[in-house]
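Chains, contacts and geometry: an overview
Chain by chain, the residues:
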Amino acid sequence: MNALEKDSLLTEAKMQIKALKKINEWKRLAIIVSTIGVAIAYAGIAGTPSYIFLGILGIFLTLAGAVLAVVTNLGLRNGRRNVEKMIHIIDEDRKHEL
């Protein structure tokens, strides 16, 4: 692997690490939405029957937040594996140069 390819791969790994940090922020937001959904669902279900809409809204927010958290977590896991592969390729190439 020549120096240009190594630099390109290293730049790509850095960009993906930056993107993974953003995805992690989205995961945290999804967990927060899910937690708020649980609170709203509890308030709607435990309250008077006139608040049943809050219960339904809370359940929807909880499910939506949970699904988004799972999807973003999957993206994080796959992205980290990809970055590890890139770093492994760069490290292996450096070992062969020595």
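Here the structure is shown first, and the text comes after it.
Described in the following lines is the structure provided in the data block. As the structure is a computational prediction, the values presented were derived from the model and not from experiment.

On to the overall build of the protein chain, then. Within the protein chain, the secondary structure is distributed over two helices and zero strands. For the protein chain, the C-alpha radius of gyration of 22 Å lies well beyond 13 Å, the compact-globule estimate for 98 residues. If one aligns the C-alpha atoms of the protein chain with their principal axes, the spans along those axes are about 75 × 15 × 10 Å. Put simply, the protein chain has 98 residues, and 24% of those count as buried. Within the protein chain, counting contacts between residues at least 6 apart in sequence, those at least 24 apart form 71% of the total. Looking at the protein chain as shown, the accessible area adds up to about 7,300 Å², and 69% of this sits on carbon and sulfur atoms. In the protein chain, the 13 positive side-chain charges and the 9 negative ones have mean positions that sit 11 Å from each other.

Okay, helix 1 (residues 3-46) next. Relative to the 64 Å expected for 44 residues at 1.5 Å per residue, helix 1 spans 64 Å between its end C-alpha atoms, a close match to the ideal helical length. Among the residues of helix 1, Lys6, Leu9, Ala13, Gln16, Leu20, Asn24, Lys27, Ala30, Ser34, Gly37, Ala41 and Gly44 are the ones counted as buried. Summarising the contacts, the buried residues of helix 1 are in contact with helix 2 (52-97). Its side-chain oxygen placed 3.2 Å from the backbone nitrogen of Leu4, Asn2 serves as the N-cap of helix 1.

Moving on to the environment of Arg94. Among the structural elements, Arg94 can be located in helix 2. In the structure, Arg94 is positioned 88 residues away from Lys6 in sequence and 9.6 Å away in space, judged by C-alpha atoms.

Right, let's talk about the packing of helix 1 against helix 2 for a bit. One way to put it is that helix 1 packs onto helix 2 with a least axis distance of 7 Å and a crossing angle of 160 degrees. Here helix 1 is positioned roughly antiparallel relative to helix 2, judged by the angle of their axes. Read as a crossing pair, helix 1 and helix 2 show a hand that is left-handed. Split by residue class, the contact of helix 1 with helix 2 holds 26 nonpolar, 14 polar and six charged.

Further remarks concern the environment of Ala43. By the element assignment, Ala43 lies in helix 1. The class of Ala43 is partly exposed, set by a relative accessible area of 42%. The spatial distance from the C-alpha of Ala43 to the C-alpha of Gly58 is 8.6 Å, given a sequence separation of 15 residues.

Compared with the 68 Å implied by 1.5 Å per residue over 46 residues, the 68 Å span of helix 2 between its first and last C-alpha is a close match. Considered for burial, the residues of helix 2 that qualify are Gly55, Gly58, Thr62, Gly65, Ala69, Thr72, Leu76, Gly79, Val83, Met86, Ile90 and Asp93. On its buried side, helix 2 packs onto helix 1.

Let us now look at the side chain of Lys27. Tracing the backbone shows Lys27 in helix 1. Although Lys27 is buried, it makes no salt bridge; Glu25 carries the closest opposite charge, 13 Å away. Aside from chain neighbours lying at most four places away, what touches Lys27 is Ala69, Thr72, Asn73 and Leu76.

Definitions and limits used
- Residues numbered from 1 in each chain as written.
- Predicted model: local features only at pLDDT ≥ 70, side-chain atom pairs only at ≥ 80, totals over all residues.
- Heavy atoms only, no water.
- Helix = DSSP H or I, 4+ residues; strand = E, 2+ residues; numbered from the N terminus.
- Rg over C-alpha atoms; globule rule 2.2 N^0.38 Å.
- Buried < 20%, exposed > 50% of the residue type's maximum accessible area, 1.4 Å probe, protein only.
- Contact = heavy atoms within 4.5 Å.
- Areas by Shrake-Rupley, 256 points an atom, 1.4 Å probe, with all protein chains shown as cover.
- Lys, Arg positive; Asp, Glu negative; His and termini not counted.
- Charge placed at Lys NZ, Arg CZ, Asp CG, Glu CD.
- Expected span 1.5 Å × (residues − 1).
- Polar contact = N/O pair within 3.5 Å; in protein donor to acceptor, adjacent residues only side chain to side chain.
- Axes fitted to C-alpha atoms, helices over the stretch in contact; angles between N-to-C directions.
- Parallel < 35°, antiparallel > 145°, perpendicular 65-115°, else oblique.
- Left-handed = near helix turned anticlockwise from the far one by under 90°.
- Nonpolar A, V, L, I, M, F, W, Y, C, P; charged D, E, K, R; others polar.
- Salt bridge = Lys/Arg side-chain N within 4 Å of Asp/Glu carboxyl O.

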